[in-house]
Amino acid sequence: MAGLTNEQVDLIARQLAGRLGGGGAVTEPATAAPRTVFVTSNEGVYATVDECVAAARQAFLDLQDLSLAKRTEIIAAFRSTMLREAEDLARQAREETGMGRFEHKVIKNRLVAEKTPGTEILQPRTTTGDNGLTLMEWAPFGVIGAITPTTNPTSTIICNAIGMIAAGNSVVFNVHPGAVLCSMNTVRHLNAASISVGGPANLVTAVAGPTIASATELMHHDGINLLVVTGGPGVVKAAMKSGKRAVSAGPGNPPVVVDDTADLQKAGRDIVHGAGFDNNVICVDEKEVFVTAGSGKKLLESMRASGAYVLSDTELRRLEPLIFDEIRGPRTHGVINKKWVGKNADVILSQIGIQAGPEVTLVVADVPEDHPLVWSEQLMPVLPVVKVSHVARGINLAREAEYGFGHSASMHSHDIEQLSRMARVINTSIFVKNGPIVAGLGAGGEGYTSFTIASPTGEGLTTPLSFSRQRRCVMVDHFRIV
Ligand code: NAD
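Worth saying up front: this structure is predicted, and the values here are computed from it rather than measured.

A. Expanded view of the sheet that holds strand E1 (residues 45-46). The sheet built from six strands is open, its strands ordered E1-E6-E5-E4-E7-E8 with parallel pairing. Across the chains shown, the open sheet's two edge strands, defined by having one partner strand only, are E1 and strand E8 (246-249). Note: strand E5 (residues 170-174) against strand E6 (residues 204-207), three bridges, orientation parallel. Its bridge partner being in E6, Val-171 is matched across the sheet by Val-204. Helix H2 (residues 49-64) rests against E1, strand E4 (143-147), E5 and E6 of the sheet, and its axis sits at about 160° to E5. Along the sheet, helix H6 (residues 180-196) contacts E1, E5 and E6; its crossing angle with E6, the most-contacted strand, is approximately 155°.

Structure below.
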């Protein structure tokens, strides 16, 4: 038995229990989440970074000895196990983090289980000519160090594990300290799935008591061949400074532009759906809207009809000190009060004396362009809407409010010139036309999914190819058969 002592496990459980239950009156399934920390060696959870890396290294070597068909079978087992556990893990994540919505976390878990690419994407390439044949294949890096966020804890682990192991790697996770139990349970299920089809144990390992110190140790560990970090600006900066190759998925502040040619009813509905999805904790969720002045009133009406509560000016004044610990001035990121991150719209409204039912999923504020709500990634279902004189102004403001993160954006319009213009100007990894931005994750849109969208380092929506090395094998003068 490797890992934590029972006293350490009890301590973690007590610390977590102290953090649970502070989430306000959120509609939840009645059953409580099981709370177990797993510390046996087959289940992948270890007390130290060294133990995690050693176990994952052995698993990587074991995986190397297996066929590609077996690897494909392991990925299929990951998918079916995660589909089976999608609801339980969603419930655990909601309860432990106090953020988001159970039903949306179920969708996220299912989405990554079904639509994260697997071994099928590792298509080799060949070239032949008078000088023979050259084969180019996708090889694993080895042991990956992965750091995951609190906003999508289980879905990021599922997505990363499928992509990284499909590419032939093993992985050590240092998860967010606020999402330990749901993350450890995800890791345990992934290892059990591998073992159930004759795959190695410990393909996925995790530090039982993760901290910034253990994340830093992982980033600098000699046994780690590649870093993959998903989170805010701090972790991206730390990974880029580590001296290792890093696939870095950082923050966003996705803008939406709506012009006079848009179907305003559909635009309002899509924006409320997207910005309210998992209470806006997802990095791609709509964070601010720029609408041409002639369409502003109609858009707000449509948003109201789709489940948004539109604040009056006096109500907005009451909301500002709740959301912000500090407002640092116009066009500047404020300091967010983390207590309200990911809470339901009706819970947030009740804090400023507005009683709304659970059918209200989004709070909307009609604000001037300089308002700090526009310039702050708050991760709450509170969406600023700015009226602009013309569409070009909206596109330029969208580019500025996105801060050059290159993450995500959308536009609602039927003017193909403007749609193309915004696509070029905004320069983001994901750009959605006439739909909620989650469609860019494959939820209601075409294409594969990823919950690690690496804009700063250029991989975009990561796949097994992002976790692979290119290798070339050359046969000189032979094997061209035509
Ligand atoms: P966070 O940055 O607080 O934490 C993310 C992870 O990084 C955690 O495991 C945390 O412990 C670790 N971490 C933070 N600072 C670190 C440091 N200096 N050194 C080492 N490790 C560090 O973010 P969060 O609140 O968990 O998640 C929300 C943020 O993540 C938002 O900014 C969101 O936009 C972003 N995000 C981006 C993507 C993407 O794919 N681009 C996906 C999800 C979340």
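B. Up close: the environment of Arg-331. Mapped onto the elements, Arg-331 comes out in the loop between strand E12 (324-326) and strand E13 (335-336). Since its relative accessible area comes to 30%, Arg-331 is described here as partly exposed. Along the primary structure Arg-331 and Ala-401 are separated by 70 residues, whereas in three dimensions their C-alpha atoms are 8.2 Å apart. Excluding residues that lie within four positions of it along the chain, Arg-331 makes contacts with Glu-369, Asp-370, Trp-375, Arg-393, Leu-397 and Glu-400. There is a polar contact of 2.6 Å between the side chain of Arg-331 and the side chain of Glu-400.

C. Quick look at the site of the ligand. Every one of the 29 residues lining the ligand counts as a neighbour, but Thr-148, Thr-150, Gly-250, Glu-377 and Ile-453 are closest to it. In this structure, an oxygen atom belonging to the ligand sits 3.4 Å away from a main-chain N or O atom of His-176. The separation between an oxygen atom of the ligand and a polar main-chain atom of Ile-453 is 2.7 Å. For the ligand, whose free accessible area comes to 840 Å², the fraction covered by protein is 86%. Elements that contribute at least two residues to the shell around the ligand include exactly helix H7 (212-219) and helix H8 (233-240). Considered class by class, the residues forming the shell around the ligand number 14 nonpolar, 14 polar and one charged.

D. Here's a closer look at the packing of helix H3 (residues 68-97) against H6. As a packed pair, H3 and H6 sit with axes 9 Å apart at the nearest point and diverge in direction by 165°. For the element pair H3 / H6, the angle class is roughly antiparallel. Every pair of crossing elements has a handedness; the one defined by H3 and H6 is right-handed. Each of Ile-74, Ala-77, Phe-78, Thr-81, Met-82, Arg-84, Glu-85, Leu-89, Gln-92, Ala-93 and Glu-96 in H3 lies in contact with H6, whose residues at this interface are Val-180, Leu-181, Cys-182, Asn-185, Thr-186, His-189, Leu-190, Ala-193, Ser-194 and Ser-196.

E. Structural view of the packing of aromatic side chains. Tallied over the entire structure, the rule returns two aromatic pairs. Seen in terms of ring centroids, Trp-375 and Tyr-403 are 6.3 Å apart; in terms of plane orientation they differ by 80°. Their pairing is edge-to-face. Remark: Tyr-403 occurs in the loop between helix H13 (391-401) and strand E16 (408-412) and Trp-375 occurs in the loop between strand E14 (362-366) and strand E15 (382-388); sequence separation between them is 28 residues. Classification of Trp-375 by relative accessible area gives buried; the value is 3%.

F. Spotlight on unusual backbone geometry. Positioned with a positive phi, Asn-202 is a non-glycine residue whose angle comes to about 65°. Locating Asn-202 in the fold gives a position in the loop between H6 and E6. Taking relative accessible area as the criterion, Asn-202 reaches 9% and is therefore assigned buried. Of note in the backbone geometry, Tyr-403 takes a positive phi value of approximately 65° without being a glycine. The exposure class of Tyr-403 is partly exposed, given its relative accessible area of 35%.

G. Summary view of the environment of Val-272. Here Val-272 is to be found in helix H9 (residues 264-276). Owing to a relative accessible area of 3%, Val-272 belongs among the buried residues under this scheme. Expressed as a C-alpha distance, the spacing of Val-272 and Leu-316, which sit 44 residues apart in the sequence, is 18 Å. What Val-272 contacts, discounting residues up to four positions off in sequence, is Met-303, Ser-306, Gly-307, Ala-308, Thr-361 and Leu-362.

H. Just the pairing of strand E9 (residues 255-258), in detail. Residues of E9 alternate between two faces, with Pro-255 and Val-257 on one and Val-256 and Val-258 on the opposite face, all of them buried. As judged from the four bridges shared by E9 and strand E10 (residues 288-292), these two strands associate in the parallel manner. Residue pairing in the sheet places Pro-255 in a bridge with Glu-288 of E10. Two elements, E9 and E16, share three bridges in a ladder whose sense is parallel. Considered in E16, the bridge of Val-258 is made with His-412.

I. Representation of the pairing of E16. For E16, a buried count of five out of five residues is recorded, marking the element as mostly surrounded by other parts of the structure. Neither face of E16 is left uncovered, since the one carrying Ser-408, Ser-410 and His-412 and the one carrying Ala-409 and Met-411 both have all their residues buried. Remark: the E16/helix H14 (residues 416-426)/strand E17 (residues 430-433) crossover connection has right-handed handedness.

J. Here's a closer look at the sheet that holds strand E20 (residues 468-476). Read across the sheet, three strands follow the order E2-E3-E20 without closing on themselves; strand pairing throughout is antiparallel. Of all the strands in the sheet, the pair left with one neighbour each is strand E2 (125-129) and E20. Strand-to-strand twist across the sheet, computed as the mean angle between neighbouring axes with direction ignored, equals 20°. Here strand E3 (residues 132-140) pairs with E20 via nine bridges, running antiparallel. Bridging from a neighbouring strand, Thr-134 pairs with Val-474 of E20.

K. Broad picture of the pattern of salt bridges. Scanning all chains against the criterion turns up 18 salt bridges. The salt bridge partner of Glu-369 is Arg-393, with a shortest N-O separation of 2.6 Å. One end of the pair, Glu-369, is in the loop between E14 and E15; the other, Arg-393, is in helix H13, and 24 residues separate them in sequence. Judged by relative accessible area, Glu-369 falls into the partly exposed class, the value being 22%.

Rules used throughout
Residues numbered from 1 in each chain as written. Predicted model: local features only at pLDDT ≥ 70, side-chain atom pairs only at ≥ 80, totals over all residues. Heavy atoms only, no water. Pairing = 2+ DSSP bridges. Helix = DSSP H or I, 4+ residues; strand = E, 2+ residues; numbered from the N terminus. Contact = heavy atoms within 4.5 Å. Axes fitted to C-alpha atoms, helices over the stretch in contact; angles between N-to-C directions. Buried < 20%, exposed > 50% of the residue type's maximum accessible area, 1.4 Å probe, protein only. Polar contact = N/O pair within 3.5 Å; in protein donor to acceptor, adjacent residues only side chain to side chain. Near = heavy atom within 4 Å. Areas by Shrake-Rupley, 256 points an atom, 1.4 Å probe, with all protein chains shown as cover. Nonpolar A, V, L, I, M, F, W, Y, C, P; charged D, E, K, R; others polar. Parallel < 35°, antiparallel > 145°, perpendicular 65-115°, else oblique. Left-handed = near helix turned anticlockwise from the far one by under 90°. Phe/Tyr/Trp six-rings, centres within 6.5 Å; stacked < 30°, edge-to-face > 60°. Right-handed = clockwise from strand over helix to strand, strands pointing away. Salt bridge = Lys/Arg side-chain N within 4 Å of Asp/Glu carboxyl O.

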